[in-house]
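The lines below spell out each chain.
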Amino acid sequence: MADIEGQAGAGNGSAGGSAGIGLTSAEVRASKERFGDNRLTERKPERFWTKFRKNFGDPMIKILCAALVVNMALVVASYLGWTPDTMAWYEPVGIAAAILLATFVSTLSEYRNENAFRKLQEEASKIQCKVYRDGEIRELPIDDIVTGDAVLLQSGDKIPADGILIEGGITVDQSVLNGESKEAAKTAAPHDYKDKETAVNFLNPHKVWRGAVVVSGSAVLRVTVSGDKSVYGEIAKELQTEDERDTPLKVKLSALANGVSKFGYTGGGVIAFALLFQRIVIANHFNANEIVAYALNWTHLLSDLIHAFMLAVIIIVMAVPEGLPLMIAIVSALNMGKMLKDNVLVRKIAGIETAGSLNFLFSDKTGTITKGKLEAVVFADGAGNDYKHFQDAPDGLKRMLSFSLFYNTDAVLSGEGSGAAHQKAIGGNGTERALLTFAASDGSSPSGKGIVALERIPFNSRNKFSAATIAGEAVHGALDSPLTLIKGAPEKIVDRCEYYLDKDGNKVEFSAHAALNQKIDGLAARSIRVIALAVYEGKIVNPNGSIGDMVPVSRGWTLVGIIGIRDEVRPESITAIAEVQHAGVQVVMITGDRKETAVAIAKEAGLLNSESDSVLTSDELAALSDEEVKASITSIKVVARALPSDKSRLVKIAQELNYVVGMTGDGVNDSPALKKADVGFAMGGGTEVAKEASEIVILDDNFNSIDKAILYGRTIFSSIRKFIVFQLTINVSAVLINFAAPLFGQENPLSIIQILWVNLVMDTLAALAFGGEPALKRFMEEPPKRRDEAIISPVMWGSILTGGLWTFALSLVFLFVGFVKDRFPAQSGDDTLHTGYFAFFVFTAVFNAFNARTEKRNLFDNISGNRGFLQVLSFIVLVQTALVYVGGQVFHCFGLSLPQWRIVLLFAVSIIPIDLLRKALISARRT
C-alpha cells in the first residue's frame, strides 16, 4: 500500500507519495546522455526531385512525352528529307521546356502543400505528460521523457514509453499494439520484482507499452525503454502510414474528372479519325483508285497520321481536368494554415470538407459552450449553512471536507512555490481540478501520518460517482477503521445519507433531505452544478459494482455537504450558436448535468427558443424506441444526465435519416461517438484517445471555433466550385474550337506549347488564385449541402456553358471572319493571327476568372480578402504579354500592334458583360 502522506499523495490515492520517486535534473541529463530521449525517428518525407521524377508517370505527361518523341522524330526525318514538310527544331525543344515547367510547378506546389500539412499535423502530436521531476510533478512534452522517469498515468492518457508500474492500477487498451480489443488489467509490481522477460509479453500484469491507452484507473509508470527502442518505436513505420483513403469530396471530383476525361479521350479519337477521313477519303472524292494511290504515298500518309495524332493530343490535353486533385491539395493547405490561427487543427482533410455540410451537431457543454473554467463558488453543509470559501468552513467540518477533496480525486497539485495555494491543479477532469483548487485555496493540505489508500473507484459517466477508502492517523485525530470517501451526483448520494456532519465535525441525524434538494434545485436554476460529498466507515467491498453494491449497506452514510460549481456560458458561444443554427445546423447540447442546470444553461446559450424544443434526460431518451427518436429528433435540443452510449445512439439515428452529423467530445468514453460521426471534433484539452478518434481538434475548446470550422468547410467547397467553373469554361471552349477549326481549314488554332501554357494557367496558377478566397459570413446563410448533391449545380452549368459557348463563338469570328482576320495579316512569314488568338484566349480566361470567383454582379466583391488572386492574374497577364513579343517560333508569337491589341482586349473583356447579363437574368428569375 502506498504511503500518500503529503501533497503528492493527496492528489492521487493510488499513486501517492510519488514526488520522491522522480528523477532529479542531474539524473535526467545522465539518462539522456546514456539512453537518449523519447523522440521517435520520423519517416523521411519524399524528396522534391524524387517527387518530380514520379510526376512524369502522370498519364497526361506521358501523352505529352509521346507527342514530344513524335515531334523529335519528325524533325530528324525532316532533316533527312524523309517528309514533305520541313519541321523546325524549336518545336520539340519548346514542348520539352513546357513539359518540364508544368511538371516542376505542379511538383513544387504539391511539395510545399505536403510540407505545410506535415507541420500542421505536428501540432496534433504535442502530447503533454505528468512527470515527477525534482520532487514535484510537472507537465512535460512526451519527447522530453527519459529512461528512469516516473510518469503519472490517468484515464484517457496515452502511455508515453515502455515500462513497469510501480504504484496504482489501471486497465489499458493495447489494441494498437497487439490487435486485441479486450482491455488488460495492470497492477503495480512488487518491490522485489525482477523483469527477466526477453520477449514482448503483452499479458504481463505489471508492464505497459507506449501507444496503449489508459481506459480507467491511475498509476505511476517507471520508464524502462524510450524512443525508437520501445515496441511502438520498432513498429512506428507501419503505425505512421498515412491514411490514403480518398475523401468524399475528392471521390466526387475524381468522378467528375473521369467523366470529362472520357469525353476528352473519346473526342480526341473521334476528331483524329474525322481528320484522317477528310484527308484520305473526302479529299480524294471517295474515289477508290485515288484513295489507294494516296495510301501508297507513305510520306503523305505518315504526315497525316502524325497530324491526326497531334490533334488528338491537343484535344485530350485541353479536355482532361487533371488539375482538380491538385486544386484540393492547394486549397486545403492554404485554408488549414488560416484555420490553425483560429485554433482549429485539421487532422484529416475529410473532416473539414464534411464540416461544411453538417445537419446536426451534438455538442458537449463544459468548455465548449461554457468557458470550461470551473470554479467552486459555494459549500453548503447538511444544516443548510453556506460557505463561500474553503477557509470559511468551521475547522471540525473542514477536516473531513479536506479529506474528501484531496484524497478522492485524480487531480494533483503542481507548480513552483511553497504551499498548495501557489500550485496549479493538473490531471483529472475539470470538475476534480476545480474542487482541488477550492480545497487548496488557503494554502493547506491534509498532511498526516501513515495515511494510506486501500481502494479507489475513479469517476465514470455511468455510475456518476467516485470513491476512495483511506486509513491511518490524521493530524486532527486517528482513523482507527477504514473510511470511504464518496463524491458524485447528488441524486446518487443525498438520499443514502442518514447523518450529516455539524460545524464541529460531529455526526448528527439528517432528515432535511427535501430542504437540501430544494437548495440544489435553486443552484441548478442559476446554472450552478452541484457535487455531493459523503463518507461512511468501512471499505469498498465491490470496486466493480454500482454505488448500491460497493458497500456493505447502501444507506447509513454521513453527508459532508454539497459544493456548487459554476461554469459561465461563453459570450461568443451565444453568437456562434445563433450563426450555426441560422446556417441550418441543429445544435444539440449533451451534458452530464441535471435537467434543471442543463435547461438554465441552454436558455442562456440560445439553444431553447420555442415551446416545441424538447429537453430529455438519459432515462427519458432510453425509454424511447429508435423510431420514436427519429420522429422527434428535429425538436431535441438538450440531453441531460447523458451517458456515452446516448451520444453514439443519437449519431446512429441521425445518420440513418441521411443527415450529416458532427460530434464534439473530450473523454475516452466519447471516442466511439467521435469515430462514428461524419466529423468528430475533439477538444484540445481532452484525452489523446478522443483526439485520435476525431478529424478536427478544437485547440481552444471553444464552440466559436467549431462555428469557424463549419465556415471554412463551406469556404473550401465554394472555392473548389469556383475553380471548376473557371476550368471547365476553358475546357468547353478549347475542345469546341479545336474540333471545329479543322473543318474550316485551321488545323491547329493553338499549338501544343501554347496549350501547355494555357494548361498551366488552368491548373496550378488558377488553384493558387482561387485557393485563397476569404471565408465569408454569407456562406453561413446557405443551407447545408446534401450528401448526394452534385458538385456542379445548374447555375454552375449555366455559367460554364455561357462562357464556353461565347468564347467558342468569338474564336470562330476571330479566326474565320474577314473583318477581324484581315486585321492580323502575315508579315514576312510571321503569323500574327495565331499570335492574336493565343493572347485573346488567355486574356478571356483571365477576365472570366473575375466572373467565376463571385456570384455577385460586383466582380470586386471581397477582393481585398484574396490578394493572391490579383497577384496570380497579374503574373499571368505579364507573362502572356511578354510571350507575345518574345515567344518567337517556340510559342508561335510574333508581336502585336496597338490596333491589334485593341481587338484582342475588346473580344476578351466581352465575356464579363455577357456573364453579368446571365447573373442579372438569374436574379430577376429568383425575384
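Structure: see above.
Below you will find a few notes about this structure. (Residues numbered from 1 in each chain as written. Predicted model: local features only at pLDDT ≥ 70, side-chain atom pairs only at ≥ 80, totals over all residues. Heavy atoms only, no water.)

This brings us to the overall build of the protein chain. Along the backbone of the protein chain there are 33 helices and 26 strands. Within the span of the protein chain, comprising 927 residues, buried residues form 55% of the whole. As displayed, the protein chain has an accessible area near 39400 Å², and 56% of this comes from carbon and sulfur atoms. (Helix = DSSP H or I, 4+ residues; strand = E, 2+ residues; numbered from the N terminus. Buried < 20%, exposed > 50% of the residue type's maximum accessible area, 1.4 Å probe, protein only. Areas by Shrake-Rupley, 256 points an atom, 1.4 Å probe, with all protein chains shown as cover.)

Turning our eyes to something else, we now look at the packing of aromatic side chains. This model, assessed by the stated rule, comprises 27 aromatic pairs. Considering the side-chain rings of Phe390 and Phe438, the 6.0 Å spacing of their centres and the 85° angle between planes classify their relative orientation as edge-to-face. Within this pair, whereas Phe390 is found in the loop between strand S11 (386–387) and helix H14 (395–407), its partner Phe438 is found in helix H15 (residues 430–439), the two being separated by 48 residues in sequence. Taking the centre distance of 5.9 Å and the plane angle of 45° together, the rings of Phe403 and Tyr407 count as tilted. Taken as a pair, Phe403 and Tyr407 lie in helix H14 at a separation of 4 residues, close to a single helical turn. This pair shows no difference in class: Phe403 is buried, exactly as Tyr407 is. Feature note: the residues Phe814, Phe824, Tyr837, Phe840, Phe841 and Phe907 constitute an aromatic cluster, connected by ring pairs. Lying across the ring of Tyr499, Lys507 places its NZ or CZ 4.9 Å from the centre. (Phe/Tyr/Trp six-rings, centres within 6.5 Å; stacked < 30°, edge-to-face > 60°. Lys NZ or Arg CZ within 6 Å of the ring centre and 35° of its normal.)

The final tally for this structure, using the stated rule, is 32 salt bridges. One salt bridge in this structure joins Asp149 and Arg133, with 2.7 Å as the shortest N-O distance. Residue Asp149 is located in the loop between strand S2 (136–141) and strand S3 (150–154), and its partner Arg133 is located in strand S1 (residues 128–133); the two are separated by 16 residues in the primary sequence. We note that Asp149, like Arg133, is buried. Ionic pairing is found between Lys708 and Asp342, a salt bridge with its closest N-O pair at 3.7 Å. One end of the pair, Lys708, is in helix H25 (residues 703–740); the other, Asp342, is in the loop between helix H12 (324–341) and strand S8 (344–346), with 366 residues separating them in the sequence. Judged by its relative accessible area of 27%, Lys708 falls in the partly exposed class. Among the charged side chains, a salt-bridge network with shared partners connects Asp626, Glu627, Lys630, Arg649, Lys652 and Glu656. (Salt bridge = Lys/Arg side-chain N within 4 Å of Asp/Glu carboxyl O.)

With that settled, the discussion passes to the nonpolar core. Core analysis: the largest hydrophobic core is formed by 120 residues, its most contacted members being Phe681 and Phe814. The element contributing the most residues to this core is H25, with 17 residues. Apart from residues no more than four positions distant in its own chain, Phe814 is found in contact with Val820, Lys821, Phe824, Leu833, Gly836, Tyr837, Phe840, Ile903, Val904 and Phe907. In terms of nonpolar packing, the next biggest core, distinct from the first, is built from 32 residues, Leu401, Ala425, Ala440 and Leu501 among them. (Core = buried A, V, L, I, M, F, W, Y, C linked by side-chain atoms within 4.5 Å. Contact = heavy atoms within 4.5 Å.)

The phi angle of most residues is negative, glycine excepted, and most peptide bonds adopt the trans form. Notably, Arg641 is not glycine yet its phi reads approximately 50°, a positive angle. Tracing the backbone through its elements, the reader meets Arg641 in the loop between strand S23 (636–640) and helix H22 (644–656). Accessibility expressed as a relative area gives 16% for Arg641, which makes it buried. Not every positive phi belongs to a glycine, and His892 is a case in point at roughly 55°. Here His892 is to be found in the loop between helix H31 (888–891) and helix H32 (898–909).

On to the sheet that holds strand S9 (residues 360–364), then. Spatially, S8-S26-S25-S24-S9-S21-S23-S22 is the arrangement adopted by the 8 strands of the open sheet, whose pairing is mixed. In this open sheet, the two edge strands, each paired with only one partner strand, are S8 and strand S22 (614–617). With direction set aside, neighbouring strand axes in the sheet form an average angle of 20°. Here strand S25 (residues 679–683) runs beside strand S26 (residues 696–698); their pairing, made up of 3 bridges, is parallel. Bridge assignment links Met683 to a residue of S26, and that residue is Ile698. Packed onto the sheet, helix H19 (residues 595–605) meets strand S21 (586–590), S22 and S23 and runs at close to 140° relative to S23. (Pairing = 2+ DSSP bridges. Axes fitted to C-alpha atoms, helices over the stretch in contact; angles between N-to-C directions.)

This part is about the pairing of strand S10 (residues 375–380). The buried count for S10 comes to 5 of 6 residues, which makes it a mostly enclosed element. Sheet topology note: the S10/strand S20 (residues 557–566) ladder contains 5 bridges and is antiparallel. Its bridge partner lying in S20, Val378 is registered against Gly564. Relative to S11, S10 runs antiparallel, the two being bridged by 2 bridges. The residue of S11 that forms the bridge with Phe379 is Tyr387. Turn length for the S10-S11 hairpin, with the two strands adjacent in sequence and antiparallel, is 5 residues, and the turn residue Gly384 shows positive phi of about 90°.

Where helix H11 (residues 298–319) contacts H25, the axes come no closer than 8 Å and their chain directions differ by 165°. Our classification of the angle between H11 and H25 gives roughly antiparallel. As for the relative orientation of H11 and H25, their crossing is left-handed in sense. Contact residues: Leu311, Ile314, Ile315, Met318 and Ala319 in H11; Ile730, Asn731, Ala734, Val735, Asn738 and Phe739 in H25. When the residues that make up the contact of H11 with H25 are grouped by side-chain class, the tally is 9 nonpolar, 2 polar and no charged. (Parallel < 35°, antiparallel > 145°, perpendicular 65-115°, else oblique. Left-handed = near helix turned anticlockwise from the far one by under 90°. Nonpolar A, V, L, I, M, F, W, Y, C, P; charged D, E, K, R; others polar.)

Take the environment of Gly665 next. Mapped onto the fold, Gly665 is located in strand S24 (residues 661–665). Each C-alpha atom, one on Gly665 and one on Ala682, is 5.2 Å from the other, the two residues being 17 residues apart in sequence. Those residues in contact with Gly665 that sit more than four places away from it in its chain are Asp364, Asp670, Leu674, Phe681, Ala682, Met683 and Ala690.

This next bit is on a nonpolar patch on the surface. Together, Phe273, Phe277, Ile282 and Phe286 make up a nonpolar patch on the protein surface, roughly 440 Å² of accessible area in all. Exposure remark for Phe273: the relative accessible area of 57% places this residue in the exposed category. (Patch = residues over 30% accessible without salt bridge, like charges linked within 9 Å, V, L, I, M, F, W, Y side chains within 5 Å.)

Right, let's talk about H32 for a bit. Taking 1.5 Å as the rise per residue, H32 with 12 residues should run 16 Å; its terminal C-alpha atoms sit 16 Å apart, in good agreement. Every buried residue belonging to H32 is among Gln900, Trp901, Ile903, Val904, Phe907 and Ala908, and all of these are buried. Taken down its axis, H32 places every buried residue within 160° of arc, on the same side. Exposed positions of H32 whose direction lies more than 90 degrees from the buried face are Leu898, Arg902 and Leu906. (Expected span 1.5 Å × (residues − 1). Arc of directions from axis to C-beta.)

Another point: helix H27 (residues 794–816). Given a rise of 1.5 Å per residue, 23 residues ought to cover 33 Å, and the 32 Å separating the end C-alpha atoms of H27 matches this to within 8%. The complete set of buried residues in H27 reads Met796, Ser799, Ile800, Gly803, Gly804, Thr807, Phe808, Leu810, Ser811, Phe814 and Leu815. Where H27 is buried, its residues touch H25, helix H28 (818–821), helix H29 (832–852), H32 and helix H33 (911–926).

So, on to the environment of Leu883. Within the secondary structure layout, Leu883 lies in helix H30 (residues 867–886). The class for Leu883 is buried, based on a relative accessible area of 11%. Spatially, the C-alpha atom of Leu883 lies 8.9 Å from that of Ala839, the residues being 44 residues apart in sequence. Apart from the residues within four sequence positions on either side, Leu883 is in contact with Trp757, Phe891 and Cys893.

What follows covers the environment of Tyr387. The topology assignment puts Tyr387 in strand S11. Look at Tyr387 and you get buried, because its relative accessible area is 8%. Linking Tyr387 and Val377, residues 10 residues apart in sequence, is a C-alpha distance of 8.7 Å. Those residues in contact with Tyr387 that lie beyond four places of it in its chain are Val378, Phe379, Asp381, Asp392, Ala393, Pro394, Leu397 and Lys503. Within the local environment of Tyr387, its side chain forms a polar contact with the side chain of Asp381, the two groups lying 3.2 Å apart. (Polar contact = N/O pair within 3.5 Å; in protein donor to acceptor, adjacent residues only side chain to side chain.)

Let us now look at the packing of H25 against H27. The N-to-C vectors of H25 and H27 enclose an angle of 35°; their axes lie 8 Å apart at closest approach. When the axes of H25 and H27 are compared, the crossing they make is right-handed. Residues Arg721, Ile724, Val725, Leu728, Thr729, Val732, Ser733, Leu736, Ile737 and Ala740 of H25 lie in contact with H27, whose contacting residues are Met796, Ser799, Ile800, Gly803, Gly804, Leu805, Thr807, Phe808, Ser811, Leu812 and Leu815. Looking at the contact of H25 with H27, its residues break down into 13 nonpolar, 7 polar and 1 charged.

Examined against the element boundaries, Asp37 turns out to sit in the loop between helix H2 (25–35) and helix H3 (48–54). The class of Asp37 is buried, set by a relative accessible area of 18%. A polar contact is formed between the side chain of Asp37 and the side chain of Arg39, at a distance of 3.0 Å. Sequence-distant contacts of Asp37, that is, excluding residues within four places in its chain, are made with Lys32, Asp143, Ile145, Val146, Ser226 and Gly227.

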